[in-house]
Amino acid sequence: MQSHRTGIRLLYWLTLLSGMFECLCFAGVVFGYASLVFVLKEDGYFSQLCVVDPDRNGTTTVKDCTSQDEKFALVFTIASFLNNFMNLFSGILFDYFGTMVTRLLAICLYTTGTLLVTISNAMSSILLFPALSCIAVGGMLLLMTNLQVGNLFATHRSTIITLYSGAFDSSSAVFLIIKYYTYGLKCGKSNSYNVEQNMTEEGLTFTGKPRCRMNKPKDETDLNPSGEVASFRSCVLSWFFLWQLLWLSIMQLRHYLFIGTLNPMLIRLAQNDANLVSRYTNAFALTQLCGVLCSPWNGLILDRHKGKPRSPGETEREADLRSSLLSLFLTALQCLLFSLCASIPSLPLQYFTFVLQVINRSFIYGGNAAFINIAFPACHFGKLYGLVMSMSAVISLLQYPCFALIRGPLGGDPFYVDIALTLITLVVFIHPLFVFIHCKKIAQHRRK
């Protein structure tokens, strides 16, 4: 019996490590887009959109590539939108058909995207639209299936979920390698694994297809006053879901706009110094590697109460919600500071902005997955995670009109847009406040 348990634990750890490798190398590479744009511009992608205009004195000419920048921004806007929007259908697919079917779809999409990038060139720049979209959607599917590994380690569930999300962020540094060794990466098979078979130890069951576990104490599913497992509809119509959606959407929009406009912003601040732009682009890509180091801190914050005695009458879910308060607040505070720094037109300050950006991104996505896992029944995780990501993707489409506003009426200066987004960021503090009030009401009710 002991050897059987040891063997299962070893399998759990191998699953954890292989999933970590997969997320770190493949899942979120699309968010290293700033490094890829630098390479694509050198290779002449969308270069036909650049025009040569005389300067104000009429003595020399300058190359205006505003339209080229807009096209690259549109590629990222569509890819990042589909990265989240398709999660609704992916979540339904995952909940009903399990891990194997979802992973097969992920591999097909990812392979298609990388092949399209391989055969594309300056004459077929249009292929970047389907290529980046397939890579984005396929990578997100890989992350979704790997997040379930957290259920294998009950006392460290949130830590593992945030660790995987951090690996997802760090994988964006893969495009930095492409920047130095263009098209030098060799195609290889991703480390995939199959955990479809039931593995049971000490009450833990993981089938790759989450089920509503009716053997849980009923008071742990108090989203439903009757003590039964809450329905999907009631979860979607809850205040928890609404505030979580706004919390994610606003911060995600801020990050997407920053990533999508990073290259033209650096060009403007560096006064068209290509070497300086390359240096800051490298710095941004290198900081993305640190996402996997930052994300576990959020998991430790979420899991800090595990193994400690709970208050009399307090359920595990209530303890998890109370523990999530600090995570939600710190994530909102980080985003506010990041947005403020990004709004200041100082090139050296952007180093600090890059650091805040990677820390905040690792907290956002890990915290989002962990909160949905905490606040709602496990059998609805795929659908709810997919729905919140899909709806946030619709809001993220606002990045393109923002970019058009910056490049058009604002003359390339994003200051007013940045200030507006910074003020909107204040809304995200409502979510931790609502969770705090909810936990306080539950505690007061328990004392009566």
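Residues numbered from 1 in each chain as written. Predicted model: local features only at pLDDT ≥ 70, side-chain atom pairs only at ≥ 80, totals over all residues. Heavy atoms only, no water.

(A) Focus on the overall build of the chain. When helices and strands are counted, the chain shows 18 helices and 4 strands. Expressed as a percentage of contacts within the chain between residues at least 6 apart in sequence, the contacts between residues at least 24 apart total 81%. Summed over its atoms, the accessible surface of the chain is roughly 19800 Å², and 67% of this surface lies on carbon and sulfur atoms. (Helix = DSSP H or I, 4+ residues; strand = E, 2+ residues; numbered from the N terminus. Contact = heavy atoms within 4.5 Å. Areas by Shrake-Rupley, 256 points an atom, 1.4 Å probe, with all protein chains shown as cover.)

(B) Region of interest: helix α11 (residues 274–288). Taking 1.5 Å of rise per residue, the 15 residues of α11 would be expected to cover 21 Å, and the 21 Å separating its terminal C-alpha atoms lies within 8% of that figure. Within α11, 11 of the 15 residues are buried, leaving the element largely enclosed by the surrounding structure. When we look at burial in α11, the residues that qualify are Leu276, Val277, Ser278, Tyr280, Thr281, Asn282, Ala283, Phe284, Ala285, Thr287 and Gln288. Where α11 starts, the residue carrying a side-chain oxygen 3.1 Å from the main-chain nitrogen of asparagine 275 turns out to be aspartate 273. (Expected span 1.5 Å × (residues − 1). Buried < 20%, exposed > 50% of the residue type's maximum accessible area, 1.4 Å probe, protein only. Polar contact = N/O pair within 3.5 Å; in protein donor to acceptor, adjacent residues only side chain to side chain.)

(C) Inspection of the packing of helix α13 (residues 316–343) against helix α17 (residues 415–425) at higher detail. Two elements in contact, α13 and α17, have axes whose closest approach is 9 Å; the angle formed by their N-to-C orientations is 170 degrees. Comparing their axes, α17 and α13 come out roughly antiparallel. Judged by residue contacts, Cys335, Leu336, Ser339, Leu340, Ala342 and Ser343 of α13 engage Phe415, Asp418, Ile419, Leu421, Thr422 and Thr425 from α17. (Axes fitted to C-alpha atoms, helices over the stretch in contact; angles between N-to-C directions. Parallel < 35°, antiparallel > 145°, perpendicular 65-115°, else oblique.)

(D) Local environment of the state of the cysteines. Applying the stated rule across the entire model yields 1 disulfide. Here cysteine 50 is linked by a disulfide to cysteine 65, with a sulfur-sulfur distance of 2.2 Å. Taking the torsion about the sulfur-sulfur bond, which here is approximately 120 degrees, the covalent link between cysteine 50 and cysteine 65 counts as right-handed. Here the residue cysteine 50 occupies a position in the loop between α2 (33–42) and β1 (51–54), and cysteine 65 occupies one in the loop between β2 (61–64) and α3 (66–85), the gap between them amounting to 15 residues. Considered together, cysteine 50 and cysteine 65 belong to a single accessibility category, that of buried residues. In this structure cysteine 23 is a free cysteine whose sulfur lies 9.7 Å from that of cysteine 25, the closest cysteine sulfur available. Given the relative accessible area of 0%, cysteine 23 is considered buried. (Disulfide = S-S within 2.5 Å.)

(E) Representation of the pattern of salt bridges within the structure. Scanning all chains against the criterion turns up 4 salt bridges. Across the pair aspartate 69 and arginine 407 runs a salt bridge whose closest N-O atoms are separated by 4.0 Å. In this pair, aspartate 69 sits in helix α3 while arginine 407 sits in helix α16 (residues 399–407), placing the two residues 338 residues apart along the sequence. Here the residues in one salt-bridge network are Lys41, Asp69 and Arg407, joined through shared partners. (Salt bridge = Lys/Arg side-chain N within 4 Å of Asp/Glu carboxyl O.)

(F) Looking closely at the side chain of serine 120. Within the element layout of this structure, serine 120 appears in the loop between α4 (87–119) and α5 (128–147). In terms of polar contacts, serine 120 uses its side chain to reach the side chain of tyrosine 45, at 2.9 Å. A polar side-chain atom of serine 120 sits 2.8 Å from the main-chain carbonyl oxygen of valine 117. Among residues more than four places away in sequence, those in contact with serine 120 are Tyr45 and Leu127.

(G) Highlighting the nonpolar core. Grouped together as the largest cluster of nonpolar side chains are 103 residues, with contacts concentrated most on Leu132 and Tyr385. At 13 residues, the largest contribution of residues to this core is made by α5. By size, the runner-up hydrophobic cluster in this structure holds 6 residues, among which are Leu253, Ile406, Val417 and Leu421. (Core = buried A, V, L, I, M, F, W, Y, C linked by side-chain atoms within 4.5 Å.)

(H) Quick peek at the environment of tyrosine 164. Positionally, tyrosine 164 belongs in helix α6 (residues 157–170). Separated by 127 residues in sequence, tyrosine 164 and glycine 291 place their C-alpha atoms 9.7 Å apart.

(I) Examining the packing of aromatic side chains more closely. Taken as a whole and assessed by the stated rule, the structure comprises 20 aromatic pairs. Between phenylalanine 46 and phenylalanine 72, the aromatic rings sit 5.3 Å apart at their centres with planes inclined by 80 degrees, giving edge-to-face as the arrangement. In this pair, phenylalanine 46 sits in the loop between α2 and β1 while phenylalanine 72 sits in helix α3, placing the two residues 26 residues apart along the sequence. You'll find phenylalanine 46 and phenylalanine 72 in the same group, each marked buried. Arranged with centres 4.5 Å apart and planes meeting at 20 degrees, the rings of tyrosine 280 and tyrosine 351 form a pair that is stacked. Remark: tyrosine 351 occurs in helix α14 (residues 350–375) and tyrosine 280 occurs in helix α11; sequence separation between them is 71 residues. The exposure class of tyrosine 351 is partly exposed, given its relative accessible area of 35%. (Phe/Tyr/Trp six-rings, centres within 6.5 Å; stacked < 30°, edge-to-face > 60°.)

(J) Seen up close, unusual backbone geometry. Phi at glutamine 271 takes a positive value of approximately 55 degrees, unusual for a residue other than glycine. Within the secondary structure layout, glutamine 271 lies in the loop between α10 (262–269) and α11. Given the relative accessible area of 69%, glutamine 271 is considered exposed.

(K) Summary view of the environment of leucine 333. Mapped onto the secondary structure, leucine 333 falls in helix α13. For leucine 333, a relative accessible area of 32% gives the class partly exposed. Placed 93 residues apart in sequence, leucine 333 and leucine 426 show a C-alpha to C-alpha distance of 8.8 Å.

(L) Representation of a nonpolar patch on the surface within the structure. A contiguous nonpolar patch, built from Phe415, Tyr416, Ile419, Leu423 and Leu426 and spanning about 500 Å² of accessible area, is present on the exposed surface. Tracing the chain through its elements places tyrosine 416 in helix α17. Taking relative accessible area as the criterion, tyrosine 416 reaches 60% and is therefore assigned exposed. (Patch = residues over 30% accessible without salt bridge, like charges linked within 9 Å, V, L, I, M, F, W, Y side chains within 5 Å.)

(M) Structural detail: α6. Compared with an ideal rise of 1.5 Å per residue, which puts 14 residues at 20 Å, α6 spans 20 Å between its outermost C-alpha atoms and is within 8% of the ideal. The buried count for α6 comes to 13 of 14 residues, which makes it a mostly enclosed element.

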